[in-house]
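Close look at the chain arrangement
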Amino acid sequence: VWTEVFDGSNWIPLDQNCLHFARRLNEGIGSWTHVLAIADRCEDTEEVTERYLQHSSGTEEEVSAWRQQIHTARSDASGALTQSR
């Protein structure tokens, strides 16, 4: 779990250790499967993975690779791909 807020144009990490978390997918820490925006009101809470990736400052190739890794982890019923190596 990490905390970043989107101010309309930029993702702002509330914890500097969480900066550019999409880039960490290649570090062997395990994949994540979704990005959830959790709001004060339940009806404002939503899944925002694609929007997060669009604002991740990655190259087209990086973002494509991240999408594939996330998709693969979502399809892994064992959950092994979400565990660190």
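Please refer to the structure higher up on the page.
Residues numbered from 1 in each chain as written. Predicted model: local features only at pLDDT ≥ 70, side-chain atom pairs only at ≥ 80, totals over all residues. Heavy atoms only, no water.

**Thoughts on the pattern of salt bridges**
Side-chain pairs of opposite charge can arise where the charged atoms are in close proximity. Rules: We count a salt bridge whenever a side-chain nitrogen from Lys or Arg sits within 4 Å of a carboxyl oxygen from Asp or Glu. Between buried and exposed lies partly exposed: a residue is buried under 20% and exposed over 50% of the maximum accessible area for its type, with that area taken using a 1.4 Å probe on protein chains only.
Scanning the entire structure with this criterion turns up four salt bridges. In this structure, Glu43 and Arg41 form a salt bridge, with 3.3 Å as the shortest nitrogen-oxygen distance. For Glu43, a relative accessible area of 57% puts it in the exposed group. We note a salt bridge from Arg51 to Glu46, for which the minimum N-O separation is 2.9 Å.

**Notes on the nonpolar core**
Using the following cut-off: By nonpolar core we mean a set of buried residues, namely Ala, Val, Leu, Ile, Met, Phe, Trp, Tyr and Cys, connected to one another through side-chain atoms within 4.5 Å. A helix here means a DSSP run of H or I that spans at least four residues, while a strand means a run of E at least two residues long, and both kinds are numbered starting from the N terminus.
Counting residues in each nonpolar core, the largest one holds 11 residues, listed as Phe21, Ala22, Leu25, Trp32, Val35, Val48, Tyr52, Leu53, Val63, Trp66 and Ile70. With three residues, the single largest contributor to this core is helix H2 (residues 60–75).

**Quick word on the side chain of Ser31**
Under the convention used in this document: In what follows, a contact means two residues having at least one pair of non-hydrogen atoms within 4.5 Å.
By secondary structure assignment, the location of Ser31 is in the loop between strand S2 (11–13) and strand S3 (36–37). Excluding residues within four positions of it along the chain, Ser31 makes contact with Leu25, Gln69, Ile70, Ala73, Leu81 and Thr82.

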